[in-house]
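One-letter residues, chain by chain:
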Amino acid sequence: GAYKVRGAYYKISTLSDEERNKGLITASAGNHAQGVAYAAHKYGVKAVIVMPTTTPLIKVERTKSYGAEVILHGDVYDEACAHALALAEEKGYTFIHPFDDPAVATGQGTIAMEISVKRMQQHTFQEKMPEIYKLPTESNNKANLLTVTV
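Rules behind the numbers
- Residues numbered from 1 in each chain as written.
- Predicted model: local features only at pLDDT ≥ 70, side-chain atom pairs only at ≥ 80, totals over all residues.
- Heavy atoms only, no water.
- Helix = DSSP H or I, 4+ residues; strand = E, 2+ residues; numbered from the N terminus.
- Buried < 20%, exposed > 50% of the residue type's maximum accessible area, 1.4 Å probe, protein only.
- Polar contact = N/O pair within 3.5 Å; in protein donor to acceptor, adjacent residues only side chain to side chain.
- Contact = heavy atoms within 4.5 Å.
- Pairing = 2+ DSSP bridges.
- Axes fitted to C-alpha atoms, helices over the stretch in contact; angles between N-to-C directions.
- Right-handed = clockwise from strand over helix to strand, strands pointing away.
- Parallel < 35°, antiparallel > 145°, perpendicular 65-115°, else oblique.
- Nonpolar A, V, L, I, M, F, W, Y, C, P; charged D, E, K, R; others polar.
- Salt bridge = Lys/Arg side-chain N within 4 Å of Asp/Glu carboxyl O.
- Patch = residues over 30% accessible without salt bridge, like charges linked within 9 Å, V, L, I, M, F, W, Y side chains within 5 Å.
- Areas by Shrake-Rupley, 256 points an atom, 1.4 Å probe, with all protein chains shown as cover.

Caption draft 1: Expanded view of the side chain of T26. The residue T26 is located in strand β1 (residues 24–27) in this model. The class of T26 is buried, set by a relative accessible area of 0%. Of note is the side chain of T26, whose polar atom sits 3.0 Å from the side chain of H32. Setting aside anything within four residues of it in sequence, one finds T26 in contact with H32, V36, V48, I49, V50, A84, F95, I96 and P98.

Caption draft 2: A look at the sheet that holds strand β4 (residues 94–95). Strands sit in the order β3-β2-β1-β4 across an open sheet of 4 strands; the sheet is parallel. At either end of the open sheet lies a strand with only one pairing partner, and these are β3 (69–72) and β4. As defined by bridge partners, β1 adjoins strand β2 (residues 47–51) across 4 bridges and the pair is classed as parallel. If you follow L24 over to β2, its bridge partner there is A47. Sheet strands touched by helix α3 (residues 31–43): β1 and β2. Its angle to β2, the strand with the most contacts, is close to 170°.

Caption draft 3: Fine view of the pairing of β2. Counting buried residues along β2, 5 of its 5 residues qualify, which places the element largely inside the surrounding structure. As for the winding sense of the linkage, the β-α-β connection from β1 through α3 to β2 is right-handed. Where β2 meets β3, 4 bridges bridge the pair, whose relative direction is parallel. Its bridge partner being in β3, M51 is matched across the sheet by L72. A crossover connection joins β2 to the parallel β3 through helix α4 (residues 57–65); in handedness this β-α-β unit is right-handed.

Caption draft 4: Up close: the packing of α3 against α4. As a packed pair, α3 and α4 sit with axes 8 Å apart at the nearest point and diverge in direction by 10°. Regarding the angle of α3 to α4, the classification is roughly parallel. On the side of α3, the interface is formed by N31, A33, Q34 and A37, while α4 contributes K59, R62 and T63. For the contact of α3 with α4, the per-class residue count stands at 2 nonpolar, 3 polar and 2 charged.

Caption draft 5: Representation of the pattern of salt bridges in the model. With the rule as written, the count across this model stands at 3 salt bridges. Across the salt bridge formed by R20 and D17, the nearest N and O atoms sit 2.6 Å from each other. Here R20 and its partner D17 are both found in helix α2 (residues 17–21), 3 residues apart, which amounts to about one turn of the helix. Residues K46 and E69 are paired through a salt bridge, measuring 3.5 Å at the closest nitrogen-oxygen approach.

Caption draft 6: Here's a closer look at a nonpolar patch on the surface. Residues Y9, Y38 and Y43 make up a contiguous nonpolar surface patch of about 250 Å² in total accessible area. Structurally, the position occupied by Y9 is in helix α1 (residues 2–14). Note on Y9: relative accessible area 33%, which makes it partly exposed.

The quantities given are spatial measurements derived from coordinates; they are silent on function.
Okay, here's the thing in structure tokens:
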């Protein structure tokens with residue numbers, strides 16, 4: 001989950017002031033929702049998070065605790081996402097996609113760089129050859145794979 005806030009924060013950092021000030025919207029049932037809410041709070045901009053009605057209450061409450069407006073809609077992610085896209089169109093919000101966005105993926109990938117740096121600080125190249133780790137991640141019903149060379 002910790003890499004999700006990195007993706008949301010990085011994506012929001014790449015937006016223009018105009019895009020951020022229109023307000024941000026996303027659809028998510030969990031960590032991406034909290035990441036967008038947190039980053040929006042830090043930037044001082046509005047965040048609207050559309051979550052499926054089946055989202056655990058603790059995730060809804062944590063998302064709200066960052067100042068986001070939470071809308072519960074649909075039983076599954078795809079229904080929540082369709083509603084978020086419609087609201088973005090209707091209200092002019094900037095949509096932050098939870099996984100299908102290169103800037104979000106770039107931000108999430110910074111965790112791999114951090115792991116690599118920490119690993120290289122622990123060992124010299126002569127002591128241990130780099131290893132490749134494949135870390136499965138689950139994101140909105142699409143399996144992603146974070147590959148880390150350390």
